[in-house]
Amino acid sequence: MCKVITITNQKGGTGKTTTSLFLAYGLAERGKHVLVIDLDQQADTTFSLSHGKDYSTSGKTSYELLTKQATAQECTVQINLLIDLIPASSQLAALDIVLIKNDLYRADLLKEELAPIKSNYDFILIDTPPALSVVVTNALTVSDRVLIPVQADLFSIKGLADLSKTLQKVPNPNLDVIGILITRFNPRTIYSKAVTTELNKAAGAMNTRVFHTRIKEAVAIKEALHQFKSLDEYDKRSNAAKNVNQFIDEFLEVNDNDNKEK
Ligand SMILES: Nc1ncnc2c1ncn2[C@@H]1O[C@H](COP(=O)(O)OP(=O)(O)O)[C@@H](O)[C@H]1O
Ligand SMILES: [Mg+2]
């Protein structure tokens, strides 16, 4: 059974793209067949997975998919044996206007388009822009689960209340938050009680958990992805690789348990 997971947070720089990438690599390294869909006009995930390609003029990106100019199959590019990608294009910036103009402003566009290919994958991971826009609503409508990367500071956590409200408004009764992932964690910083309290409150309000594994701030994570490599390919024995692998294992365990509870 394919699980569709949106990685989202309307705040920029919280590690959405980084998480999408290491999760895709990590799941593939555990034998899972993964489709990554890039819905961010910045196309950082696309750039990293495709070794620096720009698909903006290819006519077959998530923009054409959402505007019904191309099918999911036509937009899919193979990255390796277990990872496929639907790339993003800078045109996504104008998506809202184009959808309104063409009378296509709906939350279920992506759901409709993914239906024919869903069963080909174990996981579909959707990377989103830092916004609560129509692309994000489309991602949430087709998703089984939401993964929320946050930085452990009060400003990041404050935004979770807005995200929670958005989640409640999405026309998808099956949507669960799989968890909140603390990213860019600095173990040397002493986090205030207030941060922990707020984070637990936010998790409670979303009926979810904070993952035990926290992704530490590490140059290796940045460098690996900039060199178009997974953490294991970059340096399997590094602390960063161990940290990320620990998260992937926790993620799969939580995912399996949630499946059983359903
Ligand atoms: N654990 C980490 N260690 C070091 N740098 C990180 C880590 N996570 C993210 N970054 C860097 O922080 C920046 C923002 O991360 P990114 O994943 O692009 O966030 P978002 O997609 O939410 O905007 C990027 O430059 C990324 O390389
Ligand atoms: Mg991003």
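Anything mentioned here points back to the structure above.
Residues numbered from 1 in each chain as written. Chains lettered and ligands numbered in written order. Predicted model: local features only at pLDDT ≥ 70, side-chain atom pairs only at ≥ 80, totals over all residues. Heavy atoms only, no water.

Undergrad: Would you explain the layout of surface pockets in this entry?
TA: To find leftover empty space, a probe the size of one water molecule is rolled over the atoms. The space that makes up the largest pocket amounts to roughly 650 Å³. Residue lining of the largest pocket: 29 residues in total, with Gly 15, Thr 17, Thr 18, Lys 222 and His 226 positioned closest to the centre. Put simply, the parts of the chain that give the lining of the largest pocket at least two residues each are α1 (16-29), α2 (44-49) and α11 (219-226). In terms of residue count, α1 provides more of the lining of the largest pocket than any other element does, six residues in total. (1 Å grid on protein atoms, 1.4 Å probe; cavity = no way out; pocket = protein on both sides within 12 Å on 5 of 7 lines; lining within 4 Å. Points joined across faces, edges and corners; volume = space filled by probe spheres on them. Helix = DSSP H or I, 4+ residues; strand = E, 2+ residues; numbered from the N terminus.)

Undergrad: Mind showing me how you'd approach the nonpolar core here?
TA: Ile 126, Ile 148 and Leu 160 are the most contacted members of the largest nonpolar core, which has 52 residues in total. Ranked by the residues each element gives to this core, the list is headed by helix α7 (residues 134-142), at six residues. Here Leu 160 is in contact with Ile 148, Val 150, Ile 180, Leu 199, Ala 202 and Met 206, once residues within four sequence places are set aside. Of all hydrophobic cores here, the second largest spans 34 residues; its members include Val 34, Val 36, Leu 225 and Ile 248. (Core = buried A, V, L, I, M, F, W, Y, C linked by side-chain atoms within 4.5 Å. Buried < 20%, exposed > 50% of the residue type's maximum accessible area, 1.4 Å probe, protein only. Contact = heavy atoms within 4.5 Å.)

Undergrad: Is there a simple way to explain the packing of α1 against helix α13 (residues 239-261) in this structure?
TA: In contact at an axis separation of 10 Å, α1 and α13 are set at 75 degrees when each is read in the N-to-C sense. By the angle class used here, α1 and α13 are roughly perpendicular. Together, Phe 22, Leu 23, Gly 26 and Leu 27 of α1 and Val 244, Phe 247, Ile 248, Phe 251 and Leu 252 of α13 make up the contact between the two elements. When its residues are assigned to classes, the contact of α1 with α13 shows eight nonpolar, one polar and no charged. (Axes fitted to C-alpha atoms, helices over the stretch in contact; angles between N-to-C directions. Parallel < 35°, antiparallel > 145°, perpendicular 65-115°, else oblique. Nonpolar A, V, L, I, M, F, W, Y, C, P; charged D, E, K, R; others polar.)

Undergrad: What exactly am I supposed to notice about the site of ligand 1 here?
TA: What surrounds ligand 1 is a group of 14 residues, the closest being Gly 13, Lys 16, Thr 18, Ala 218 and Lys 222. Thr 17 is positioned such that a nitrogen or oxygen atom in its backbone is 2.9 Å from an oxygen atom of ligand 1. Between ligand 1 and the protein, one listed contact pairs an oxygen atom with a side-chain N or O atom of Lys 222 at 2.9 Å. The fraction of the free accessible surface of ligand 1 (550 Å²) that becomes covered by protein chains is 83%. Here ligand 1 occupies the largest pocket. Of all the secondary-structure elements, those providing two or more residues to the shell around ligand 1 are α1 and α11. (Near = heavy atom within 4 Å. Polar contact = N/O pair within 3.5 Å; in protein donor to acceptor, adjacent residues only side chain to side chain. Areas by Shrake-Rupley, 256 points an atom, 1.4 Å probe, with all protein chains shown as cover. Sits in = over half its atoms within 2 Å of the grid points.)

Undergrad: What is the right way to read empty space enclosed by the protein from this model?
TA: Overall, the coordinates contain one cavity of 30 Å³ or more when judged by the stated rule. In this structure, the largest cavity encloses a volume near 60 Å³. Lining the largest cavity are Phe 22, Tyr 25, Gly 26, Glu 29, Ser 230, Leu 231, Asp 232, Ala 241, Val 244, Asn 245 and Ile 248. For the lining of the largest cavity, the secondary-structure elements that each account for two or more residues are α1, α12 (231-235) and α13. Residues belonging to the lining of the largest cavity are distributed by class as follows: six nonpolar, three polar and two charged.

Undergrad: Sorry if this is basic, but what is going on with the side chain of Ser 89 here?
TA: Residue placement: Ser 89 occurs in the loop between β4 (83-86) and α5 (95-101). Separated by 2.9 Å, the side chain of Ser 89 and the backbone nitrogen of Gln 91 make a polar contact. Contact partners of Ser 89, with chain neighbours within four places excluded, come to Gln 41, Ser 56, Thr 61 and Tyr 63.

Undergrad: Would you mind showing me how to read the pairing of β4 here?
TA: For a regular strand, side chains alternate in direction, first toward one face of the sheet and then toward the other. Neither face of β4 is exposed, since Ile 83 and Leu 85 on one face and Asp 84 and Ile 86 on the opposite face are all buried. As paired elements, strand β2 (residues 34-38) and β4 share four bridges and run parallel to each other. Opposite Val 36, over in β4, you have Leu 85 as the bridge partner. The sheet contact formed by strand β3 (residues 77-78) and β4 spans two bridges and is antiparallel. (Pairing = 2+ DSSP bridges.)

Undergrad: Looking at this model, I keep getting lost on the side chain of Ser 238. Mind explaining?
TA: By the element assignment, Ser 238 lies in the loop between α12 and α13. The buried category is assigned to Ser 238, whose relative accessible area is 12%. Of note is the side chain of Ser 238, whose polar atom sits 3.1 Å from the backbone nitrogen of Ala 241.

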